[in-house]
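The primary structure of each chain is shown beneath.
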Amino acid sequence: MPELPEVETVKESLKPYLIGQKIIKTKVHVGKLIKHPSENLFVEKIAGRTIVKIARRGKYLLFHLDQNLTLVIHLRMTGQLLFFTKKAEYSRHTHLVFHFDSQRELRFIDVRKFGLIYLVPTGNWEAIQGLKQLGVEPLSPDFTLDLFRELLAGRKGMLKPFLLNQKGIAGIGNLYADEILFRSGLHPKRKINTLDTEEIKELYGAIINTLKQAVLCRGTSFQNYVDGCGELGGFQAHLQVYGRGGKPCIYCQIPLQKIKVAGRGTVFCPCCQKAGDQERG
DNA sequence: AGTCAAACCTGGGCGC
DNA sequence: TGCGCCCAGGTTTGAC
């Protein structure tokens, strides 16, 4: 479940090791993870390229290469990117290995094989629908309260699916959606068009503050997340609802409820997170 | 437009 | 001891 803070941390942890590195060759063990172009073309085109810059958009990692190419990687749920400086045994689910000189490697490891890998012309995201349609970066100056109001305007859906929709705000997944809603005191099923001015401000602040704090903590290591050097994150110590279904709310001690919202496991406090009227756990 | 469900995939936890 | 079942979740796709 790498979300914005985890992907940001992977990016930052890899940066010092990868900038300026030349990809000598790529070993592909599970070819279907390469979504574009074909596996053969991918391997051929990436050989000899040098990594000049690493960036993040939403949950996508962007490795800008020379010759106007960009390697795009999405970790989805269980993907890991790990940098190795010397030969080490391949762990069980190593599906792709980028080789640099001096035996250095960047390995893509993914238990569930859900990850997505692309090689495209820099700035041309036509082949990557999800990246092309990505919404605003919530930690960028572009994400103003005014813009947030515009994003909400005219919408009638529930809050949680809105937060998870990458076309609106980029980078929020199931874990941070639950944490953000708890911190704003809003029910996950709350309808967008019932929010008042104060609640919108509250939600806006919670999005930024929660993500910022999680980035400072270097992400959440709840299941198998580690950064590019294999280091654990620290935000799991600050989780207030995610993974705490049935346990007492940190404010009111009432047991947190676990329900399904839009098909996602959702934990919330029935006392502290105000629903409109119709919803009841 | 919104809401739901299925699909992709594997490991872990559970009940029996 | 092991089998079968269900769950976890990011994103796309398709149905209603």
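Check the entry above for the structure.
Residues numbered from 1 in each chain as written. Chains lettered and ligands numbered in written order. Predicted model: local features only at pLDDT ≥ 70, side-chain atom pairs only at ≥ 80, totals over all residues. Heavy atoms only, no water.

1. Section: the pairing of strand β9 (residues 116–121)
- β9 sits mainly inside the fold: five of its six residues count as buried.
- Here strand β5 (residues 69–74) runs beside β9; their pairing, made up of six bridges, is antiparallel. Pairing of His-74 across the sheet is with Leu-116, part of β9. (Buried < 20%, exposed > 50% of the residue type's maximum accessible area, 1.4 Å probe, protein only. Helix = DSSP H or I, 4+ residues; strand = E, 2+ residues; numbered from the N terminus. Pairing = 2+ DSSP bridges.)

2. Some details on the protein's contact with DNA strand B
- The environment of DNA strand B is made up of Lys-32, Arg-92, His-93, Val-111, Arg-112, Lys-113, Phe-114, Arg-155, Lys-156, Gly-157, Met-158 and Lys-191.
- When atoms of DNA strand B within 4 Å of the protein are split into backbone and base, the sugar-phosphate part holds 71%.
- Contact distances for DNA strand B include 3.4 Å between a phosphate oxygen and a side-chain N or O atom of His-93.
- Within the contact set of DNA strand B, a phosphate oxygen lies 2.4 Å away from a side-chain nitrogen or oxygen of Lys-113.
- Its residues assigned to classes, the surface near DNA strand B shows three nonpolar, two polar and seven charged. (Near = heavy atom within 4 Å. Polar contact = N/O pair within 3.5 Å; in protein donor to acceptor, adjacent residues only side chain to side chain. Nonpolar A, V, L, I, M, F, W, Y, C, P; charged D, E, K, R; others polar.)

3. As for the protein's contact with DNA strand C
- As a structural note, the neighbourhood of DNA strand C is formed by 16 residues, with His-74, Arg-76, Met-77, Arg-112 and Arg-264 the closest of them.
- When atoms of DNA strand C within 4 Å of the protein are split into backbone and base, the sugar-phosphate part holds 48%.
- One of the side-chain N or O atoms of Lys-59 is found 2.9 Å from a phosphate oxygen in DNA strand C.
- The separation between a phosphate oxygen of DNA strand C and a polar side-chain atom of His-74 is 2.5 Å.

4. With respect to the sheet that holds strand β3 (residues 51–57)
- Here five strands make up an open sheet; going across it, the order is β2-β9-β5-β4-β3 and the pairing mixed. Whereas interior strands pair on both sides, the edge strands pair on one side only; in this sheet they are β2 (34–36) and β3. Each strand of the sheet is rotated relative to its neighbour by a mean of 25°, with strand direction disregarded.
- Against the sheet, helix α1 (residues 4–18) touches β3 and β4 (60–65), its axis set at about 170° to β3.
- The strands that helix α2 (residues 39–46) touches are β2, β4, β5 and β9; relative to β9, the one it contacts most, it runs at about 60°. (Axes fitted to C-alpha atoms, helices over the stretch in contact; angles between N-to-C directions. Contact = heavy atoms within 4.5 Å.)

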